[in-house]
Amino acid sequence: MQQLRPTTALIHADRLRHNLGVVRSRVGAGVAVCASVKGDAYGHGAALTALALEASGVEWFGVALVEEGELLRAAGVKAPILCLEGVAVFGAETAIERGLTPMLFDLDSAAALHEVARRRGVTVAVHLKVDTGMGRLGVPYGEWGPFLDRVADFDTLDVTGLATHFAEAESDPTFTREQARRFRVAVQAAKARAFHPKMLHCSNSAATLGYDDLRFTMVRPGLALYGVSPGPGLGEGLRPVMQVVTRVLYVKNIPAGYGVSYGRRWVAPRPTRLATLPVGYADGYPRALSNRAEVLVHGQRCPVRGTVCMDMVMVDVTDVQTPVRPGDEVELFGDGVRVEELAEIAGTIPYEVLCGVSQRVPRREAGAP
Ligand SMILES: Cc1ncc(COP(=O)(O)O)c(C=O)c1O
């Protein structure tokens, strides 16, 4: 179907390469990068993103779901794909079929993988995950030794990696270092049992950029590759990959004292020139931005006035120096208005704003026809 409405998420693939370069320059040679492309690549479009990153030399990809791994394979991604959320019993067959690498942290999945692998006469590379303090996935730290002993019984499983995940690398160095210490102990325990995994990894974007000594042999950044700062002072040199733009739908003048949008939560204090934009919370522009965010019109910041509706939002263009007309381009977020800023205003994190850009908004590679 032809796209008639102008609201679009432009994906600047060249900036994926740029941000990967920033990460590489920080971690140095010899450390592999596993790009987190789960959640449709944080809303950027998984196939487009992964293919651009693979062409730029990313060694691994991380997905949450087996289905996301399948999608990448169907798109032609050849690099190893790590299923970060495991594959569960029901995903074992597909994971092996598609050449996905399961993250393993329970014996039921291990048994299911072993059974499928034995039937097919193959070995399966797996990464084992230990919980060092995140309290989400991963073998509890105290049960790691017995778990390793049981995994050793499955002779079709080739343990090529060990992993853990940090809970607050962006905010608590003491706890992060304690998690890293536990991870090192877990690695030693595996080596003592004659496992020799090459890939050792624990660092998300915040740890990748914020710590010199926690990179092991691979890092797992997501947010930083999308050009978004993973924490205070960590965003230097990153350029936002997603830019959400639209065009002015309608412009009119309202008199002082006139209310705007549902609930008339903004009343014009002076004669105002108002532009209506064809974007709302059904597109993922959070209603929490009502009366609080700004957009960019003709390069100038313009405040959102009144409540964000499902499909529309009004902005105040009274102070824009040049005449604003229907069809003029507007940036909702990108370079001029950063997604970090919108997330802060909406009381959430940039991940949620990016993932929240709905499927109604087409993703288009910037510069593509
Ligand atoms: C297991 C795992 N590794 C890596 C990442 C990437 O994290 P970030 O986007 O903060 O770099 C995530 C994302 O939450 C994750 O769950």
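Below: a short report on this structure.

Conventions we followed
Residues numbered from 1 in each chain as written. Predicted model: local features only at pLDDT ≥ 70, side-chain atom pairs only at ≥ 80, totals over all residues. Helix = DSSP H or I, 4+ residues; strand = E, 2+ residues; numbered from the N terminus. Pairing = 2+ DSSP bridges. Axes fitted to C-alpha atoms, helices over the stretch in contact; angles between N-to-C directions. Buried ≥ 20, exposed ≤ 12 C-beta atoms within 10 Å, placed from the backbone. Contact = placed C-beta atoms within 7 Å. Core = buried A, V, L, I, M, F, W, Y, C linked by C-beta atoms within 7 Å. Domains from an automatic or database assignment. Expected span 1.5 Å × (residues − 1). Right-handed = clockwise from strand over helix to strand, strands pointing away. Arc of directions from axis to C-beta. Parallel < 35°, antiparallel > 145°, perpendicular 65-115°, else oblique. Left-handed = near helix turned anticlockwise from the far one by under 90°. Nonpolar A, V, L, I, M, F, W, Y, C, P; charged D, E, K, R; others polar.

## Description of the overall build of the protein
Summing up its helical and strand segments, the protein has eleven helices and 20 strands in all. Counting only C-alpha atoms and orienting by the principal axes, one finds that the protein spans roughly 75 × 45 × 40 Å.

## Things to note about the sheet that holds strand β18 (residues 313–316)
If you trace the nine strands from one edge of the open sheet to the other, you get β12-β15-β18-β17-β16-β19-β11-β1-β20, paired in mixed fashion. A strand with exactly one partner marks an edge of an open sheet, and here the two such strands are β12 (250–254) and β20 (363–365). On average, each strand axis in the sheet is tilted by 35° relative to the strand beside it, whichever way the strands run. For strand β17 (residues 300–305) and β18, the ladder comprises two bridges, and the chain directions are antiparallel. Along β18, the bridge assignment pairs Val304 with Val315.

## Focus on unusual backbone geometry
We note that Ser261 has phi near 70°; this positive angle belongs to a residue other than glycine. Looking at the secondary structure, you find Ser261 in the loop between β13 (259–260) and β14 (266–267). We classify Ser261 as buried; it has 20 C-beta atoms within 10 Å. Unlike most non-glycine residues, His298 shows phi in positive territory, near 50°. The partly exposed category is assigned to His298, around which 14 C-beta atoms lie within 10 Å.

## Describing the environment of Tyr281
Considering the arrangement of structural elements, one finds Tyr281 in the loop between β15 (272–277) and β16 (294–297). Distance from Tyr281 to Met310, taken between C-alpha atoms, is 4.8 Å for residues 29 residues apart in sequence. Apart from residues no more than four positions distant in its own chain, Tyr281 is found in contact with Pro286, Arg287, Val308 and Met310.

## Considerations on the nonpolar core
The biggest cluster of nonpolar side chains holds 112 residues, and the ones touching the most others in it are Phe61, Cys83, Val297 and Val315. When residues in this core are grouped by element, the largest group, five residues, is from helix α3 (residues 46–55). Of the residues that make up this core, three or more belong to each of domain 1 (31–226) and domain 2 (242–365). Not counting chain neighbours up to four residues away, the residues in contact with Phe61 comprise Cys34, Ala35, Val37, Ala50, Leu72, Val77, Ala79, Ile81 and Leu82.

## Digging into helix α6 (residues 107–120)
In this model α6 runs 20 Å from its N-terminal to its C-terminal C-alpha over 14 residues, within 8% of the 20 Å that 1.5 Å per residue would give. Turning to α6, its buried residues number three or more, namely Ser109, Ala110, Ala112, Leu113, His114 and Ala117. Buried positions along α6 lie against α5 (92–97), β5 (100–104), β6 (124–131), α7 (144–151) and β8 (157–163).

## Let's talk about the pairing of β6
Most of β6 sits out of view: seven of its eight residues are buried. Relative to β6, β5 runs parallel, the two sharing two bridges. Counterpart to Leu104 in the pairing with β6 is Leu128. Read from β5 through α6 to β6, the crossover connection turns out right-handed. Where β6 lies against strand β7 (residues 139–140), two bridges are found, and the strand directions are parallel. Note on β7: the bridge partner recorded for Val130 is Val139.

## As for helix α8 (residues 173–192)
Its 20 residues give α8 an end-to-end C-alpha distance of 28 Å, which sits within 8% of 28 Å, the value for a rise of 1.5 Å per residue. Buried within α8 are the following residues: Thr176, Gln179, Ala180, Phe183, Ala186 and Ala190. Projected onto a plane normal to the axis of α8, the buried residues spread over an arc of 120° and lie on a single side. Away from its buried face, by an angle of more than 90 degrees, α8 presents the exposed residues Thr174, Arg181, Gln188 and Ala192. One or two positions beyond α8, positive phi appears at Ala194, with a value near 70°.

## Brief notes about the packing of α3 against helix α4 (residues 66–75)
Two numbers describe how α3 lies on α4: the axes approach to 10 Å, and their chain directions differ by 60°. Comparing their axes, α4 and α3 come out oblique. The two elements α3 and α4 cross, and the hand of that crossing is right-handed. Residue-level contacts link Ala46, Ala47, Ala50 and Leu51 of α3 to Glu68, Leu71, Leu72 and Ala75 of α4. Of the residues in the contact of α3 with α4, the class split is seven nonpolar, no polar and one charged.

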